[in-house]
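An overview of the molecular structure
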Amino acid sequence: MSVIDHIRRYQDELTAIRHDFHIHPELGLEEHRTAGIVASMLESWGIEVHRGVGKTGVVGVLRSGQGNRAVGLRADMDALPMTEKTGLPYASQTPGKMHACGHDGHTTMLLGAAKYLAETKNFDGTVHFIFQPGEEGCGGALAMLEDGLFDRFPCDAIFGMHNRPGMPVGEYGIRPGATAAGGAFFDITIHGKGAHGARPEVSHDPVIAACQIGTAIQTITARNLSPFDPAVISVTKIQGGDAFNVIPDTATLSGTARFFSREVATQIEEGLKRVAEGVAAGLGCTAELDFRLIFAPTINDAELTTAYADAAAELVGDANVARNKEPGMGSEDFSFMMEKVPGAYIHVGNGPGATPHNPAYNFNDETTPYGAALYARIVETSLRKG
């Protein structure tokens, strides 16, 4: 029996688990109920469980044979602060929270792999099942690392995955090298001199400075970075003043930057500071930059990428595995784990439907066996019995 067919025997059970997670979404680092269910299920399958890793994270440990190598499998558990508009019978019952990125499905896929591997133990070594909290900009990966994740649970390689709407169910996509952008948030606070709106001549208008800075920082990507270094700087919020007839003392410009290397992130940070301070000074104001790295770039190890793609091809045939998928400007904090341990990150087809972070999004339950089977198969191939 193939790994996929074996896991399909759990399909009803896994679907019920996923729907329960979907009904009861929990935000980053608040996944107490989800983590409790995960831990209880792992224990019921005879897997050693460690709770509270990185606050609400869970790590399961499964050993087989005498091998001294270890592989880590990671899935994220958190939901988003959004109101669901799917109309599904198992829609979120928590106002203002929903699983709009499929982390309920990711958690379920890893549980499916854990059950299969606990039953079959067709590997020689140790598997660490890493159920991560707080992926959605809440610092969950860093919290687990700071809690000694790889000191307590050493891994020779780690693997993660994400569902991909628009890619047919039963297909996978991966690439070596940069596969997802790093991400940073920034705030630029401009200090000027307030005045009556009818007397701008006695002011140093921070709102005008904010507008000029918002335009000028686009030259960082256009003129300061190499054309071979893709990057995005988006201003997404400008705030200043509370009245129609008052020029305020301060204004704030906020946004996000995306990039594929730490070096480019540093160039962007330096450029934002230089442009903000320079433009502000030219208009009689001052500016302060707060630049915060939220996600490192996700860089796939070339050898592990090939191994992951080969394992996927064993399941569905090589024609259904895209081995040079275009990188995306979205970000993923699994990247911080991959900076510590070599790893690979793959996309699994979720079929037609709304994109992640959309109130109409839903994870496709038909995807579950494909994700669970790939998690399991990469363990069997990486920790192959002699």
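Note that the structure is predicted; figures quoted are calculated from it, not measured. (Residues numbered from 1 in each chain as written. Predicted model: local features only at pLDDT ≥ 70, side-chain atom pairs only at ≥ 80, totals over all residues. Heavy atoms only, no water.)

A full pass over the atoms with the stated rule returns 2 aromatic pairs. Residues F334 and Y345 carry aromatic rings whose centres are separated by 5.9 Å and whose planes lie at 40° to one another, so their mutual orientation is tilted. Taken together, the residues span a long stretch of sequence, with F334 in helix α11 (residues 334-338) and Y345 in strand β16 (residues 343-349) at a distance of 11 residues. In terms of burial, F334 and Y345 fall into one category: buried. (Phe/Tyr/Trp six-rings, centres within 6.5 Å; stacked < 30°, edge-to-face > 60°. Helix = DSSP H or I, 4+ residues; strand = E, 2+ residues; numbered from the N terminus. Buried < 20%, exposed > 50% of the residue type's maximum accessible area, 1.4 Å probe, protein only.)

It is worth spelling out the sheet that holds strand β8 (residues 182-191) at this point. Read across the sheet, 4 strands follow the order β10-β12-β8-β13 without closing on themselves; strand pairing throughout is antiparallel. For this open sheet the edge positions go to β10 (231-239) and β13 (286-295), each flanked by a neighbour on one side alone. Across the sheet, the mean angle from the axis of one strand to that of its neighbour is 20°, orientation sign disregarded. In the packing of helix α7 (residues 206-216) onto the sheet, the strands contacted are β8, β10 and β12 (250-259), and the crossing angle to β12 comes to about 15°. In the packing of helix α9 (residues 262-282) onto the sheet, the strands contacted are β8, β10, β12 and β13, and the crossing angle to β13 comes to about 160°. (Pairing = 2+ DSSP bridges. Axes fitted to C-alpha atoms, helices over the stretch in contact; angles between N-to-C directions. Contact = heavy atoms within 4.5 Å.)

Bringing unusual backbone geometry into the picture now. A positive phi angle is found at K55, which is not glycine, with a value near 80°. With respect to the helices, strands and loops of the structure, K55 is situated in the loop between β1 (48-53) and β2 (57-64). The backbone phi angle of H357 is positive, close to 70°, even though this residue is not glycine. Relative accessible area serves as the criterion here: at 42%, H357 is assigned to the partly exposed category.

Further remarks concern the UniProt feature "domain: Peptidase M20 dimerisation" (unreviewed entry) in the chain. With numbering matched to this structure, UniProt assigns "domain: Peptidase M20 dimerisation" (unreviewed entry) to residues 182-277. The distance from the first to the last C-alpha atom of residues 182-277 is 25 Å, and the span holds 35% helix and 34% strand. (UniProt positions renumbered as here; feature names shortened; annotations may be inferred.)

Attention now goes to helix α3 (residues 32-44). Between its first and last C-alpha atoms α3 spans 18 Å; for 13 residues at 1.5 Å apiece the expected length is 18 Å, and the two agree. Residues of α3 that are buried include every one of T34, A35, V38, A39, M41 and L42, and no others. Here the buried residues of α3 occupy an arc of 165° about the axis, which is enough to place them on one side. Of the exposed residues in α3, the ones pointing more than 90 degrees away from its buried face are H32 and S44. Here the buried face of α3 lies against α2 (11-23), β1, β2, α4 (103-120) and β4 (125-132). Just past α3, the residue G46 takes up positive phi, approximately 80°. (Expected span 1.5 Å × (residues − 1). Arc of directions from axis to C-beta.)

Across the sheet, which stays open at both edges, the 8 strands sit in the order β1-β2-β4-β3-β5-β16-β6-β15 with mixed pairing between neighbours. Every other strand in the sheet has two partners, leaving β1 and β15 (321-322) as the edge strands with one partner each. Judged from the 7 bridges that link them, strand β3 (residues 70-76) and β4 form a sheet pairing that is parallel. Opposite G72, over in β4, you have H128 as the bridge partner. Here α4 sits on the sheet in contact with β2, β3, β4, β5 (157-164) and β16, set at roughly 150° to β3. Seen against the sheet, helix α10 (residues 302-316) touches β5, β6 (172-173), β15 and β16 and runs at an angle of roughly 30° to β16.

Before going further, it helps to spend a moment on the environment of R152. Mapped onto the secondary structure, R152 falls in helix α6 (residues 149-152). Overall, the relative accessible area of 40% leaves R152 in the partly exposed class. Excluding anything up to four places from it in sequence, R152 contacts V53 and D147. At 3.2 Å, the side chain of R152 and the backbone oxygen of D147 are in polar contact. (Polar contact = N/O pair within 3.5 Å; in protein donor to acceptor, adjacent residues only side chain to side chain.)

Glancing now at the side chain of E31. Secondary-structure assignment places E31 in the loop between α2 and α3. Buried within the structure, E31 lacks any salt-bridge partner; its nearest side chain of opposite charge belongs to K55, at an N-O separation of 7.9 Å. Reaching out from E31, the side chain makes a polar contact with the side chain of T56 at a distance of 2.7 Å. Among all residues touching E31, those that are not within four sequence positions of it are E26, T56, M77, D78, P133 and G134. (Lys, Arg positive; Asp, Glu negative; His and termini not counted. Salt bridge = Lys/Arg side-chain N within 4 Å of Asp/Glu carboxyl O.)

For the pair α7 and α9, interaxial distance at closest approach is 9 Å and the crossing angle is 140°. Overall, the two elements α7 and α9 adopt an arrangement that is oblique. For α7 against α9, the interelement crossing comes out right-handed. On α9, the residues touching A209, Q212, I213 and A216 of α7 are V275, A276, V279 and A280. Here the residues of the contact of α7 with α9 sort into 7 nonpolar, 1 polar and no charged. (Parallel < 35°, antiparallel > 145°, perpendicular 65-115°, else oblique. Left-handed = near helix turned anticlockwise from the far one by under 90°. Nonpolar A, V, L, I, M, F, W, Y, C, P; charged D, E, K, R; others polar.)

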